[in-house]
2 protein chains.
Amino acid sequence: MQPIAVDAMGGDNAPTAIVAGARRAHEERGIPVVLVGRPEEMGDVGDLDVIEASEVIAMDADPGSSVRTMKDSSLVRAAEAVRDGRASAMVSAGNTGATMASALLRTGRISGVARPAIATPIPGPVGEPTVLLDAGANAECRPEWLVQFAQMGAVFSTARFGIERPRIGLLSIGEEAGKGSPLVKETWGMLDAVDWDALGAEWIGNVEGRDLMGDEADVVVTDGFTGNVALKSVEGAAKNIISALLGAFDSSDEAREGAAMLLPALAPLYERFNADSYGGAMLLGTKGVCIISHGSSGDVAMVNAISIAAEMVEGDLVGKIGKAVAD
Amino acid sequence: MQPIAVDAMGGDNAPTAIVAGARRAHEERGIPVVLVGRPEEMGDVGDLDVIEASEVIAMDADPGSSVRTMKDSSLVRAAEAVRDGRASAMVSAGNTGATMASALLRTGRISGVARPAIATPIPGPVGEPTVLLDAGANAECRPEWLVQFAQMGAVFSTARFGIERPRIGLLSIGEEAGKGSPLVKETWGMLDAVDWDALGAEWIGNVEGRDLMGDEADVVVTDGFTGNVALKSVEGAAKNIISALLGAFDSSDEAREGAAMLLPALAPLYERFNADSYGGAMLLGTKGVCIISHGSSGDVAMVNAISIAAEMVEGDLVGKIGKAVAD
């Protein structure tokens, strides 16, 4: 396997935590990795190879224009390494839009894919995470794109979480077929007409926001505007509730003592709900595996992201998506 | 004050818990209440008056056709009592769409209001709840409706939570003005042109899903499709996290002991995050105060809903909304 290209300059903790995670993925798990960025800022990279890139696209930079003008940026160079076959996948905790744009512009779309989508796993208390897509790549969508998102999401759910017969839901505001926006109503009919058996998946109709963390569906399809709002609503609720809990746990000596006794019971939940455990979101539909990690990623998140990238390359995710949308 | 009309037949716990809550609101808080529904099913209503209604609109019935055909239903009779001045407000934990439709068809819209909207308070760990609207009344919206939602939401935030200068945000997928769907982009410009000072409010631009439980905005405006998805995403996340926590609390003797020690610290959080504390959502824009309580409402939720209804009547919410949209 060609190495995983890791954008050493992207993310709130770059480059230190990114390089540390990349080294751990290589040294502890034997995954081939190549770092992309400014070698002079990376510190000790151990045995890892480096692809030099002199520019860094800022977290808040405009994605389109950055990727067009900063041709020697770590993101663009990472995407070029994938395009040229020197790397088998790219991973970045940097600017989400620029990661997407560089992958799209340099490696291009899989034949037959109209639009790539961001697939984000949302963990819940029971079962495997639900894959939400599009989580923000396309603010406006056509119904036929959503059908492809569903096909790509089904393939990803099987490849990533081992779901044998992923249940596909369409995000709406009521379970009945007639409920929702015009986009949802039109998409419902098209999804209902797909031969999901042939793809090894199951179409379950409309689902609601409450099902994102539940165990009703394995793949939830929506446009990138609604998906991004829903994802951030879930993330914000989780963050605010957990922060309120941590405050309560630390509010008195008695509470601190009680919290300490609960620690063994809470640790597995922390692991399950922690975004770092999942390594980030996946861009589906481009000719190359591309993982978009949280900006706040530390070394553990990077180890997981790189491991998942390697797994998706070995499982031929790109080839399987191409086949699913062509069928 | 004319009494608050309470739909005794609506909700998962109707009529027992609804009647119990109505009696408590009257007996403990001195609020005038009239029950609407089937007297023979209500049990002991104490001193409360009853408006008889022989039909009950089921929780899952089609709202429009139910309201049109079931003219002697508790919801339609409650709305008529408000229209005829025999009641000053209506409260129901029944079918949301039918509650909305009966209020809209019987009492009508406030002059100048294009579309009523459902305003739902979302509590967070800090500060007063954020008012989200439209939480589901209108799956498709025009930009000018969203401007009115913002005006109505500002009035409601002040009346309901005492916010002196409510901060108005537009729900989008990025904070910059250019981010979002075509509806958001067009609405942004219209909201930016409103004289918010004159209304005693402040326009803060785009906000994101993560801000719904945060303390960034007091009023968050969106279309009813996005709003309903976001609300249910937040509710689902909260429910799933809390259910996972309760499972952990009960997973061993040590955990149970720790949880017992944490109880005093957790009780205020439970109160703060419990939907029952807020009595439900409010339909804004109709000629009458209309509260749409959670279907799962018990007697405490009903006491709170009836109290809030009385408070909104006394504060002339309807008159203030009429003034805000006319200015």
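Note that the structure is a prediction, hence the values are computed from the model and not measured.

Draft legend 1. Highlighting the overall build of chain A. Assigned secondary structure in chain A consists of twelve helices and eleven strands. Relative to the 2.2 N^0.38 estimate, which gives 20 Å for 327 residues, the radius of gyration of chain A is 20 Å and therefore close to what a compact globule would have. Taken over the C-alpha atoms alone, chain A extends approximately 60 × 60 × 35 Å along its principal axes. Within chain A, buried positions represent 59% of all 327 residues. Accessible area of chain A: about 12500 Å², with a carbon and sulfur share of 49%. Seen as two clouds, the 26 positive and the 46 negative side-chain charges of chain A have centres 6 Å apart.

Draft legend 2. The arrangement of the pattern of salt bridges in detail. All names here are of chain B. Counted according to the given criterion, the structure contains 34 salt bridges over all chains. The residue D215 makes a salt bridge to R167 at a minimum N-O spacing of 3.4 Å. Of this pair, D215 sits in the loop between β8 (202-207) and β9 (219-221) while R167 sits in strand β7 (residues 167-171), and the two are 48 residues apart along the sequence. The partly exposed category is assigned to D215, whose relative accessible area is 34%.

Draft legend 3. Fine view of the relation of the copies chain A and chain B. Placing chain A over chain B gives an RMSD of 0.0 Å and needs a rotation angle of 180 degrees, together with 0.0 Å of translation along the axis. Such a combination of turn and shift is consistent with a two-fold rotation axis. Scanning chain A for the C-alpha nearest the rotation axis identifies A:G258, at a separation of 1.9 Å. Mapped onto chain B, 100% of the interface residues of chain A again fall at the interface, so both copies present the same surface.

Draft legend 4. Quick look at the domain arrangement of chain A. Residue and element names in this part refer to chain A. What the domain assignment reports for chain A is domain 1 (1-112 + 285-316) and domain 2 (114-276). Its C-alpha centre places domain 1 at a distance of 25 Å from the equivalent point of domain 2. In this assembly, 14 residues from domain 1 lie in contact with 13 residues from domain 2. For the pair domain 1 and domain 2, the summed buried surface comes to about 1100 Å²; carbon and sulfur atoms form 63% of the total.

Draft legend 5. The sheet that holds strand β5 (residues 117-122) of chain B, seen in detail. Residue and element names in this part refer to chain B. Strand order in the open sheet made by the eleven strands is β3-β2-β1-β4-β11-β10-β5-β6-β9-β7-β8, with mixed pairing throughout. Both outer strands of the open sheet, β3 (49-52) and β8, are each paired with one neighbouring strand and no more. Each adjacent strand pair in this sheet contributes to an overall mean axis angle of 25 degrees, direction not counted. Of the strand pairs in this sheet, strand β1 (residues 4-7) and strand β2 (residues 33-37) are connected by four bridges, and their pairing is parallel.

Draft legend 6. The arrangement of the pairing of strand β5 (residues 117-122) of chain A in detail. Residue and element names in this part refer to chain A. Among the six residues of β5, six are classified as buried, and the element is accordingly described as predominantly covered. Residues of β5 alternate between two faces, with A117, A119 and P121 on one and I118, T120 and I122 on the opposite face, all of them buried. In this structure, β5 lies alongside strand β10 (residues 281-284), joined through three bridges in antiparallel fashion. Opposite A119, over in β10, you have M282 as the bridge partner. When β5 meets strand β6 (residues 130-133), the two strands line up antiparallel, connected through three bridges. The residue bridging I122 from the neighbouring strand is T130, located in β6.

Criteria and cut-off values
Residues numbered from 1 in each chain as written. Chains lettered and ligands numbered in written order. Predicted model: local features only at pLDDT ≥ 70, side-chain atom pairs only at ≥ 80, totals over all residues. Heavy atoms only, no water. Helix = DSSP H or I, 4+ residues; strand = E, 2+ residues; numbered from the N terminus. Rg over C-alpha atoms; globule rule 2.2 N^0.38 Å. Buried < 20%, exposed > 50% of the residue type's maximum accessible area, 1.4 Å probe, protein only. Areas by Shrake-Rupley, 256 points an atom, 1.4 Å probe, with all protein chains shown as cover. Lys, Arg positive; Asp, Glu negative; His and termini not counted. Charge placed at Lys NZ, Arg CZ, Asp CG, Glu CD. Salt bridge = Lys/Arg side-chain N within 4 Å of Asp/Glu carboxyl O. Least-squares fit on C-alpha atoms with pLDDT ≥ 70 in both. Contact = heavy atoms within 4.5 Å. Domains from an automatic or database assignment. Buried area = accessible area lost by both parts, 1.4 Å probe. Pairing = 2+ DSSP bridges. Axes fitted to C-alpha atoms, helices over the stretch in contact; angles between N-to-C directions.

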